[in-house]
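# Coordinate analysis (summary)
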Amino acid sequence: MFLLGYDIGSSSIKVALVNGDTNQVIKQTQYPEVEMEIHSSQRGWAEQQPEDWWNYLIAATKKLLTHSAVDPQLIKAIGLSYQMHGLVLLDKNKKVLRPSIIWCDSRAVPQGERALELLGKEYCYGALGNAPGNFTASKLIWVKENEPEIYDRIDQIMLPGDYIAMKMTGTSLTTPTGLSEGIFWDFRTSSLSQKLLSDLEINRALFPTVVDSFSKQGYLSSKAATTLGLSTSTSVGYRAGDQPNNALSLGVLNPGQIAGTGGTSGVIYGVHDQLTADRSDRTNTFAHVNYTSQHPNVGVLLCINGAGSMYRWINQQIAGSAVDYSEMENALQKIPIGSEGISVFPFGNGAERLFGNRDLGAQIMGIQLNRHHRSHIYRAGLEGIAFSFYYGIEAMKEMGMPLQQMRVGNDNLFQSKVFSQTISNLIEGPIEMVQTTGAIGASRAAGYTVGQFSSLEEAFSGDPLVKKFEPDADLSLHQEAYKNWKNVLDNTLKNHTYE
């Protein structure tokens, strides 16, 4: 038996093929080769076409099957990971009504603030786990208020993963973890929030049937099987947002475990066995992939929208396309810790939850024209992202979140020794880098659903440890650099008015 896992990102569609009998990865690939475009026709807007995700998934699948010797008839289960918080709207013919308003779009902040006032803080934090903020429910209200002609034609509301699964099976479903990331889930009743639907005047019939993340969610339709080059005997057995899925992929299932991701956005994700809400709105609480009403595991998520996107901008706009990331890493290692006074704030990818949903914009501060050069900006960029991670970790510590074990993947910013060592020194603890990806994790999760693995622990055990970053004996230089960076940030927040 073979298993397929997809990761529907905002940068590309990744796919992994795993041998279910040996739990070994056979092949991985992605499409397109360059990052997908995010359309931003106005400040703070971010949209993508759901049809593009599907077309790129088809291309990625064909690319993978072409370069592997596996008989597609032996692929029996599919798992899906997807970019969180996106809003996909379909009409009665299951056609997309408008581009998806994706995770980093900040237009709906005012709608979220009004929803918080209407629903009440006690209910939002005590039942929903979060203020509505800029999440999917708020984006839906934005459409209702600003595009009523589209809203009136909505037949179904979906998350990105729900849309892709529907394209595969023809069946419309969603999950508790998906609804919770949209701020539609009531943790007190373990159901879609009736109060939210009533108070915000949203029709319950617009939402698909709710199933567990690990469940048999339909088989490939004849049309989808033909299009993908697979079999109608292949089932969809799992779906989850990318951050809960990344945590699962790293084996982060239990309280005290922390997962880190340094992709387009930067994320710290910790698991609790009880609802933990941050009334300061810096972090968010969602149903984890193994959430049930009997075992209400939640994931506390801290997100920095501008992480890898900041470093990509530095690569493209400062280094130039001819310079790759390994060359940047070699150059920046020659620059002292603290980047000789340059501070980079990577907050230029939409409203940042960490700062009360303000859209701060990215900033590079402290440049001395006769002293600094490109390599200083390279290092300051990586340090600024790492410092932002720790700034958020401090907020999680204030909530009483334990930090016993941090695990990260081998496909993002943590590949940089400078980046990982900076964070390890600041948290004063080790960082374990595991050889896995979200697509691999999604495939194994689907394997668990169809009975190929007896437990999640079995499914996610045995991944090789690529490296382990231990704190340096002397932590003072990184701690001093962080202190200086934080002082500049605090002064900037205090003295500048943002739109």
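Residues numbered from 1 in each chain as written. Predicted model: local features only at pLDDT ≥ 70, side-chain atom pairs only at ≥ 80, totals over all residues. Heavy atoms only, no water.

## Observations regarding the overall build of the protein
Along the backbone of the protein there are 17 helices and 22 strands. The C-alpha atoms of the protein give a radius of gyration of 22 Å, which matches the 23 Å a tight globule of 499 residues would have. When each of the 499 residues of the protein is scored for burial, the buried share is 63%. Within the protein, contacts between residues separated by at least 24 positions form 74% of all contacts whose residues are at least 6 apart in sequence. Accessible area of the protein: about 19,100 Å², with a carbon and sulfur share of 46%. A distance of 2 Å separates the average location of the 41 positive side-chain charges in the protein from that of its 50 negative side-chain charges. (Helix = DSSP H or I, 4+ residues; strand = E, 2+ residues; numbered from the N terminus. Rg over C-alpha atoms; globule rule 2.2 N^0.38 Å. Buried < 20%, exposed > 50% of the residue type's maximum accessible area, 1.4 Å probe, protein only. Contact = heavy atoms within 4.5 Å. Areas by Shrake-Rupley, 256 points an atom, 1.4 Å probe, with all protein chains shown as cover. Lys, Arg positive; Asp, Glu negative; His and termini not counted. Charge placed at Lys NZ, Arg CZ, Asp CG, Glu CD.)

## A closer look at the packing of aromatic side chains
Summed over all chains, the structure comprises 20 aromatic pairs. On the numbers, 5.7 Å between centres and 90 degrees between planes, the contact of Phe 187 with Tyr 291 is edge-to-face. Taken together, the residues span a long stretch of sequence, with Phe 187 in the loop between strand E10 (185-186) and strand E11 (191-192) and Tyr 291 in the loop between strand E16 (284-287) and strand E17 (298-304) at a distance of 104 residues. We classify Phe 187 as buried; its relative accessible area is 12%. The exposure class of Tyr 291 is buried, given its relative accessible area of 7%. Relative to Tyr 482, the ring of Tyr 390 lies with its centre 5.1 Å away and its plane at 80 degrees, an arrangement referred to as edge-to-face. Of this pair, Tyr 390 sits in helix H13 (residues 374-398) while Tyr 482 is found in helix H17 (residues 476-495), placing the two residues 92 residues apart along the sequence. (Phe/Tyr/Trp six-rings, centres within 6.5 Å; stacked < 30°, edge-to-face > 60°.)

## With respect to the packing of helix H14 (residues 417-427) against H17
Relative to each other, H14 and H17 sit at 90 degrees, their axes nearing to 9 Å. It follows from the interaxial angle that H14 and H17 lie roughly perpendicular. Residues Thr 422, Asn 425 and Leu 426 of H14 pack against His 478, Gln 479 and Tyr 482 of H17. Class assignment for the residues of the contact of H14 with H17 results in two nonpolar, four polar and no charged. (Axes fitted to C-alpha atoms, helices over the stretch in contact; angles between N-to-C directions. Parallel < 35°, antiparallel > 145°, perpendicular 65-115°, else oblique. Nonpolar A, V, L, I, M, F, W, Y, C, P; charged D, E, K, R; others polar.)

## Some points on the pattern of salt bridges
Tallying each qualifying case throughout the model produces 19 salt bridges. The salt bridge involving Asp 199 is made with Lys 195; its shortest N-O contact spans 2.9 Å. Of this pair, Asp 199 and Lys 195 both sit in helix H8 (residues 194-199), four residues apart, roughly one helical turn. Residue Asp 199 is classed as partly exposed on the basis of its relative accessible area, which comes to 25%. We classify Lys 195 as partly exposed; its relative accessible area is 31%. Where Glu 470 meets Lys 468, a salt bridge forms, and the shortest distance between an N and an O atom there is 3.7 Å. The exposure class assigned to Glu 470 is partly exposed, which follows from its relative accessible area of 42%. The partly exposed category is assigned to Lys 468, whose relative accessible area is 43%. (Salt bridge = Lys/Arg side-chain N within 4 Å of Asp/Glu carboxyl O.)

## Some thoughts on helix H11 (residues 308-319)
Every buried residue of H11 is listed here: Gly 308, Ser 309, Met 310, Tyr 311, Ile 314, Asn 315 and Ala 319. Positive backbone phi, at 100 degrees, marks Gly 320, one or two positions downstream of H11.

## Points about the sheet that holds strand E1 (residues 2-8)
If you walk across this open sheet you meet the five strands as E3-E2-E1-E5-E13, and the pairing is mixed. Two strands lie at the open edges of the sheet, namely strand E3 (24-31) and strand E13 (235-241), each paired on one side alone. On average, adjacent strands in this sheet sit at an angle of 15 degrees to one another, irrespective of strand direction. Two elements, E1 and strand E5 (residues 75-82), share seven bridges in a ladder whose sense is parallel. (Pairing = 2+ DSSP bridges.)

## Topic: the packing of helix H12 (residues 325-332) against H13
Their axes nearest at 8 Å, the elements H12 and H13 cross at an angle of 100 degrees. Judged by the angle between their axes, H12 and H13 are roughly perpendicular. The segment H12 lies against H13, with Met 328, Glu 329, Ala 331 and Leu 332 engaging Ser 375, Tyr 378, Arg 379 and Leu 382. Residue classes in the contact of H12 with H13 are distributed as five nonpolar, one polar and two charged.

## Quick look at the sheet that holds strand E22 (residues 465-469)
Here we have seven strands laid out as an open sheet, ordered E16-E17-E15-E14-E20-E21-E22, and mixed in their pairing. The open sheet has two free edges, formed respectively by E16 and E22, since each of these has just one partner strand. Between one strand axis and the next, the sheet turns through 25 degrees on average, direction left out of account. Against the sheet, helix H10 (residues 242-249) contacts strand E14 (257-262), strand E15 (266-272) and E17, and its axis sits at roughly 70 degrees relative to E15.

## Digging into the nonpolar core
In this structure, Leu 89, Leu 140, Ile 157, Ile 202 and Phe 207 are the most contacted members of the largest nonpolar core, which totals 52 residues. Elements represented by at least two residues in this core include exactly helix H2 (109-119), helix H3 (121-128), helix H4 (136-146), helix H5 (148-151), H8, E15, E16 and E17. Each residue touching Leu 89, except ones within four places of it in the same chain, is listed here: Lys 95, Val 96, Leu 97, Arg 98, Leu 140, Val 143, Ile 150, Ile 154, Gln 156 and Ile 157. The next biggest cluster of nonpolar side chains, apart from the first, holds 51 residues, and it includes Ala 319, Leu 332, Ile 342 and Phe 414. (Core = buried A, V, L, I, M, F, W, Y, C linked by side-chain atoms within 4.5 Å.)

## Quick word on the state of the cysteines
Working definition of a disulfide: a covalent bond connecting the sulfur atoms of two cysteines. On inspection of all chains with the given rule, the structure shows zero disulfides. With no disulfide of its own, Cys 104 lies 9.4 Å from the sulfur of Cys 303, the closest cysteine sulfur. Taking the relative accessible area as the measure of exposure, Cys 104 reaches 4% and is therefore buried. (Disulfide = S-S within 2.5 Å.)

## So, H13
Given a rise of 1.5 Å per residue, 25 residues ought to cover 36 Å, and the 36 Å separating the end C-alpha atoms of H13 matches this to within 8%. Along H13, 21 of the 25 residues are buried, which leaves the element largely enclosed by surrounding structure. Taken from the residues just after H13, Gly 400 is the one with a positive phi, measuring 85 degrees. (Expected span 1.5 Å × (residues − 1).)

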